[in-house]
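# Chain and residue survey
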Amino acid sequence: MNLKTKKQLLKLILISGLFFIQSISNAVPSTDLSGISLIPKPVSVIAASGNFKLTPKSTIFLSGQGVELKNIGNYLASKLTPATGFGMAVRIATANQSPGNIYLSINSGDAQLGDEGYQLTIKAGAINLIANKSAGLFNGIQTIRQLFSAKIESATHQAGPWQIPAGTIRDYPEYSYRGAMLDVARHFFQVKDVKRYIDLISAYKMNVLHLHLADDQGWRIEIKKWPKLTSIGGSSQVGGEKGGFYTQEQYSDIVKYAAERNVMIIPEIDMPGHTNACLASYPELNCDDKATELYSGTEVGFSTLCTGKEITYQFISDVFGELAAITPGPYLHIGGDESHVTKIEDYIPFVNRVQEIVRKLGKKVIGWDEIALTTLVPNSSVQYWAKAENALKGVKQGAKVIMSPAANSYLDMKYDSTTNLGLFWAGYVEVDKCYDWDPATLVPGVGKENILGIEAPLWTETISTMKQLEYMVFPRLLGLADLGWRAPAAGNWNEYKLRLGQHGGRLKAQGVEYYPSKLVPWVAQ
Ligand code: IFG
């Protein structure tokens, strides 16, 4: 055998050996902290020798006061107890640390961690999680969950052992706004489904749920001064079945549930377009004083509030006044998209007046990117979905941009031509397309300093059940969570897909029937 052939043979042996190592390293759970696939990817992971073992006597100790800390401790216990069967008592920390326990501490000493960052130190004898705020502890707990094997997510008892490799993780987000949007207007989703969605997005450190509460097909939030919005406007949905709505009490229950999981609720009342539901509820809101018919189709852009009538602004003041009173978060979303039958000379003064109404309520304005055509009030944000030039117009007015490019982040887009659910007007969005983009460079002139964060909308013209929602949202949402948390290190699909492949078991353990994309090397767990 000549020298050249020998070299080729040697090279072949080397390459196949590397593939073999790579394949088994994916399959066997790592005993090294830096080998565990975390999503979002942390800022820094330093492995150390040894393992921490959770035992039936393990206790969660809190150092610091406050009901938030207690709630976080109870939340952690609620995530570890079902699968392990361990009691996981939650107590105020004593001076000495006994082995096998988890310590949660809030102290304001570590500026680099900000409000949402954390430092997680795992030793054989103890887990120490430190953060400046409870939000940071919440995010650190999501990481702790992912360090245990996927079966920790099971709602039923699983065999142990329950151990995680030692080391230190320091972590904090790139963007402060990492959100999902749920359109509950086209198809109504019950409170329990919204809460489950909050559970699932917060497990990946997403901290915003934008609720699209009104559209042509349905009005979904009780407004006491305008009761027919829900009795008539809330009575239907796409396809004509019975719709539904949230009472203000139910909305407040969702807001509380979300806050306990570091998720801020942002309510949207879309206007002046996408308003047939309220126009069908009150004749006086129409320019011709005639109520429209309820609509259960899926066309867009055919409706408009009557921008020339004073009662329209009284209506908007009442609606946003009642919503502001039950929304602790700083934002109200005024919509503003696809107002195809509102003359631009009417649209601009209308949106300017609506912004004033929101500002007077002490809230900050968010609107779809078309609102950049108006004079934006200070502290507004423009949600980029369709027109890059509108995002740029917003930046020029000093607004922040929320990145929701339809071609990369619309979760109602079909994966490919074989997907039964969803639409494809923005193109097919396979799992890699949801990930292979960088928010900070997608739109020239809209840089990191202009971006508030990212948000993944799910429009529900074709989605009516939680199973369908989960099939369209997962696994794509995990990539957007990764992008929003660690943008600079993110965006490398070939690296990310290996991490994602390790999360199939974790999603399954939570009962999520996700889309098993062929682009992902899924690892059975
Ligand atoms: N565009 C409309 C949505 C919805 C969507 C479906 C925005 C801002 C198409 N507006 O996206 O109401 O119909 O993909």
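For the structure itself, consult the block above.
Residues numbered from 1 in each chain as written. Predicted model: local features only at pLDDT ≥ 70, side-chain atom pairs only at ≥ 80, totals over all residues. Heavy atoms only, no water.

Among the secondary structure elements, Ser231 is positioned in helix H5 (residues 228–231). Owing to a relative accessible area of 48%, Ser231 belongs among the partly exposed residues under this scheme. Taking the C-alpha atoms as reference points, Ser231 and Gln112, 119 residues apart in sequence, are found 50 Å from one another. (Helix = DSSP H or I, 4+ residues; strand = E, 2+ residues; numbered from the N terminus. Buried < 20%, exposed > 50% of the residue type's maximum accessible area, 1.4 Å probe, protein only.)

We now examine the packing of aromatic side chains. For the structure shown, the criterion picks out 21 aromatic pairs. An angle of 45° between the planes, with centres 4.8 Å apart, marks the rings of Phe188 and Tyr246 as tilted. Separated by 58 residues along the polypeptide, Phe188 in the loop between strand S8 (177–183) and helix H4 (191–202) and Tyr246 in the loop between H5 and helix H6 (248–259) bring together distant segments of the chain. The same class applies to Phe188 and to Tyr246, which are both buried. Ring centres 5.9 Å apart and planes at 85° place the aromatic pair Tyr415 and Tyr471 in the edge-to-face group. Of this pair, Tyr415 sits in the loop between helix H11 (406–409) and strand S15 (451–458) while Tyr471 sits in helix H12 (residues 466–473), and the two are 56 residues apart along the sequence. (Phe/Tyr/Trp six-rings, centres within 6.5 Å; stacked < 30°, edge-to-face > 60°.)

Time to look at helix H13 (residues 476–485). Where burial is concerned, most of H13 is hidden: 10 out of the 10 residues are buried. Among all positions in H13, only Arg476, Leu477, Leu478, Gly479, Leu480, Ala481, Asp482, Leu483, Gly484 and Trp485 are buried.

A word on the state of the cysteines. Counted according to the given criterion, the structure contains one disulfide. Distance from the sulfur of Cys278, which forms no disulfide, to the nearest cysteine sulfur (Cys306) is 12 Å. For Cys278, a relative accessible area of 2% puts it in the buried group. (Disulfide = S-S within 2.5 Å.)

Quick look at the nonpolar core now. Ranked by internal contacts, the top residues of the largest apolar core, which has 111 residues, are Tyr197, Leu209 and Trp219. In terms of residues, this core owes the most to one element, helix H8 (residues 310–325), which gives seven residues. Counting 36 residues, the second-largest nonpolar core is a separate cluster that includes Ile72, Val90, Ile169 and Trp485. (Core = buried A, V, L, I, M, F, W, Y, C linked by side-chain atoms within 4.5 Å.)

What follows covers the site of the ligand. Within the structure, the ligand sits among 14 residues, and Asp337, Tyr410, Asp412, Trp425 and Glu461 are positioned closest to it. Within the side chain of Tyr410, one N or O atom sits 2.7 Å away from an oxygen atom of the ligand. In the complex, the protein chains occlude 97% of the 350 Å² of accessible area that the ligand would expose alone. Per-class residue counts for the shell around the ligand are eight nonpolar, one polar and five charged. (Near = heavy atom within 4 Å. Polar contact = N/O pair within 3.5 Å; in protein donor to acceptor, adjacent residues only side chain to side chain. Areas by Shrake-Rupley, 256 points an atom, 1.4 Å probe, with all protein chains shown as cover. Nonpolar A, V, L, I, M, F, W, Y, C, P; charged D, E, K, R; others polar.)

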